[in-house]
Amino acid sequence: MMIRLLLVLGMVMTAVPLAAKPLIFAHRGASAWLPEETLAAYEKAIADGADFIEPDLVPTKDGMLVARHESNITETTDVAAHPEFAARKVVKVIDGRRQEGWFTEDFTLAELKTLRAKERLGALRPESMSHDGQFEVATFDEIVALAARSGKRVGLIPEIKHPTYFAGVGLDLAGKLIAAIKASDYLRRAPVIVQCFEIATLKRLHRELAGMGNVALLQLIQSSDVKQPADVVAEGGALTFDEMVAPKGLAEIATYAQWIGPPLRRVIPLDAEGNSGAPAALIADAHKAGLKVGVFTFRPENQFLPANLRHGDTGARWPQGMIADVRSFVAAGVDGFFTDDPALGRAAVEGDPLK
């Protein structure tokens with residue numbers, strides 16, 4: 001196994017020529033090192049060489065946009081330790097999935113600011129977990145201000161989360177983001193890519209942000225175990241994600257978006273043993289339709305790597321494996337990628353050795 005691993009690493013890290021450098025999207029910040037979606041994680045991501053930083057946007061009760069992976073904040077904040085909010089624990093069904101916990105849409109921004117972030121993957125990321133309790137829930141405005149004062153031309157790549165669900169409870173996420181982009185001097189100039197799994201929301205942004213040359217749109221694609229976008233389900237439609245990544249579907253996406261964002265293994269699948277296989281046709285098909293491809297998500301722990309790129313314990317970090325995995329996608333022609341560790345992403349695309 002070790003001999004095979006070294007051969008694969010050597011082939012990918014030295015022999016395979018790198019394509020034009022893809023963009024590095026910091027997935028919720030430098031979330032391999034600091035609690036995700038916090039200002040500290042975004043600041044480190046910028047310092048580590050990210051081209052874009054990604055906030056997942058969910059609403060507060062009073063209509064503010066905040067950055068959390070989901071509106072259910074049970075796993076990402078210390079809300080359970082606040083007895084004053086105990087009665088707000090509820091059960092909800094969001095996009096067909098039953099969830100129990102505390103949800104941002106039931107809190108005002110002032111209330112959320114009394115909470116502190118915590119690491120969601122603590123068993124894998126003890127360094128990040130050591131910062132539990134230190135950072136507030138960040139607003140979108142605060143993240144934009146951080147990017148603006150960084151002195152770098154860092155882009156924003158926000159994801160609009162569950163817009164159909166939130167519209168059903170009277171919260172218009174797309175409208176709030178459109179207003180924020182138009183009102184911000186920085187967001188009118190800096191590179192912005194807005195992403196969403198739902199089609200209708202992206203089509204709305206395509207209409208309402210027309211003429212803003214710095215803004216692009218990215219249609220997110222789920223893995224094959226999720227069949228349809230939530231807005232298609234809500235409308236009783238038949239379109240599936242599998243159909244969306246076929247040539248006809250890609251041509252339709254190109255009428256309202258400039259990017260697609262598929263999961264890694266739709267682009268380079270794994271074989272029956274979990275090893276990295278040959279690239280699928282998706283990148284070539286997307287490029288033929290005039291679309292760029294930004295894949296998600298590279299992580300530096302063994303359990304997220306193909307079996308042939310792992311080394312050591314399942315939960316251990318193996319930076320060389322992630323770098324090798326990234327470089328296989330670069331060689332396949334990917335235009336951008338999301339990663340929890342932007343420093344490793346930068347090393348991969350620059351050809352830098354690990355320090």
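Residues numbered from 1 in each chain as written. Predicted model: local features only at pLDDT ≥ 70, side-chain atom pairs only at ≥ 80, totals over all residues. Heavy atoms only, no water.

Is there a simple way to explain the overall build of the protein in this structure?
Of regular secondary structure, the protein possesses 15 helices and 13 strands. Taken against the 2.2 N^0.38 rule, which gives 20 Å for 355 residues, the C-alpha radius of gyration of the protein at 20 Å falls within 12% of a compact globule. Dimensions of the protein, computed from the C-alpha atoms along their principal axes, are close to 55 × 45 × 40 Å. Considering only residue pairs separated by 6 or more positions, the protein has 70% of its internal contacts joining residues 24 or more positions apart. With an accessible surface of roughly 14700 Å², the protein has 56% of that area assigned to carbon and sulfur atoms. Charge centroids of the protein, computed over 39 positive and 45 negative side chains, lie 3 Å from each other. (Helix = DSSP H or I, 4+ residues; strand = E, 2+ residues; numbered from the N terminus. Rg over C-alpha atoms; globule rule 2.2 N^0.38 Å. Contact = heavy atoms within 4.5 Å. Areas by Shrake-Rupley, 256 points an atom, 1.4 Å probe, with all protein chains shown as cover. Lys, Arg positive; Asp, Glu negative; His and termini not counted. Charge placed at Lys NZ, Arg CZ, Asp CG, Glu CD.)

Looking at this structure, how should I read the nonpolar core?
For soluble globular proteins, the rule of thumb is that nonpolar side chains tend to be buried together. Ranked by internal contacts, the top residues of the largest apolar core, which has 87 residues, are Ile-53, Phe-140, Ile-181, Val-194 and Val-295. By residue number, the principal contributor to this core is helix α7 (residues 173-183), which donates six residues. Discounting chain neighbours no more than four positions away, the residues touching Val-295 are Pro-262, Leu-264, Val-267, Phe-329, Val-334, Gly-336, Phe-337 and Phe-338. (Core = buried A, V, L, I, M, F, W, Y, C linked by side-chain atoms within 4.5 Å. Buried < 20%, exposed > 50% of the residue type's maximum accessible area, 1.4 Å probe, protein only.)

Got a minute to help me understand helix α15 (residues 342-350) in this structure?
Helical periodicity: at 3.6 residues per turn, an α-helix aligns residues three or four positions apart in one direction. Burial within α15 is extensive, with seven of its nine residues counted as buried. Among all positions in α15, only Pro-342, Leu-344, Gly-345, Arg-346, Ala-347, Ala-348 and Val-349 are buried. The inward-facing, buried residues of α15 contact β1 (23-27), α2 (39-47), α14 (319-332) and β13 (336-339). Positive backbone phi, approximately 75°, marks Gly-351, located one or two places after α15.

Is there a simple way to think about the environment of Gly-315 in this case?
Counting through the fold element by element, Gly-315 comes out in the loop between β12 (292-298) and α14. Residue Gly-315 is classed as partly exposed on the basis of its relative accessible area, which comes to 32%. Separated by 53 residues in the primary sequence, Gly-315 and Pro-262 place their C-alpha atoms 25 Å from one another. Apart from the residues within four sequence positions on either side, Gly-315 is in contact with Leu-124 and Glu-301.

Which parts of the structure should I look at to understand the pairing of strand β10 (residues 215-220)?
Every other side chain in a regular strand lies on the same face of the sheet, so the side chains alternate between the two faces. Burial within β10 is extensive, with six of its six residues counted as buried. Neither face of β10 is open: one carries Val-215, Leu-217 and Gln-219, the other Ala-216, Leu-218 and Leu-220, and all of them are buried. In this structure, strand β9 (residues 192-196) lies alongside β10, joined through five bridges in parallel fashion. Each bridged residue has a counterpart across the sheet, and for Ile-193 the counterpart in β10 is Ala-216. (Pairing = 2+ DSSP bridges.)

What's the story with the pattern of salt bridges in this structure? I'm lost.
Proximity of charged atoms lets side chains of opposite charge pair with each other. Applying the stated criterion to the full structure yields 25 salt bridges. Here Arg-346 and Asp-51 are joined by a salt bridge, their closest N and O atoms 3.2 Å apart. Pair noted here: Arg-346 is in helix α15 and Asp-51 is in the loop between α2 and β2 (52-54), with a separation of 295 residues, a long-range link. What makes Arg-346 buried here is its relative accessible area of 18%. Exposure remark for Asp-51: the relative accessible area of 23% places this residue in the partly exposed category. The closest approach of N and O atoms between Asp-340 and Arg-125, which form a salt bridge, is 2.9 Å. Separated by 215 residues along the polypeptide, Asp-340 in the loop between β13 and α15 and Arg-125 in the loop between α3 (109-112) and α4 (126-129) bring together distant segments of the chain. Taken together, the shared-partner salt bridges connect Lys-21, Asp-51, Arg-346 and Glu-350 into one network. (Salt bridge = Lys/Arg side-chain N within 4 Å of Asp/Glu carboxyl O.)

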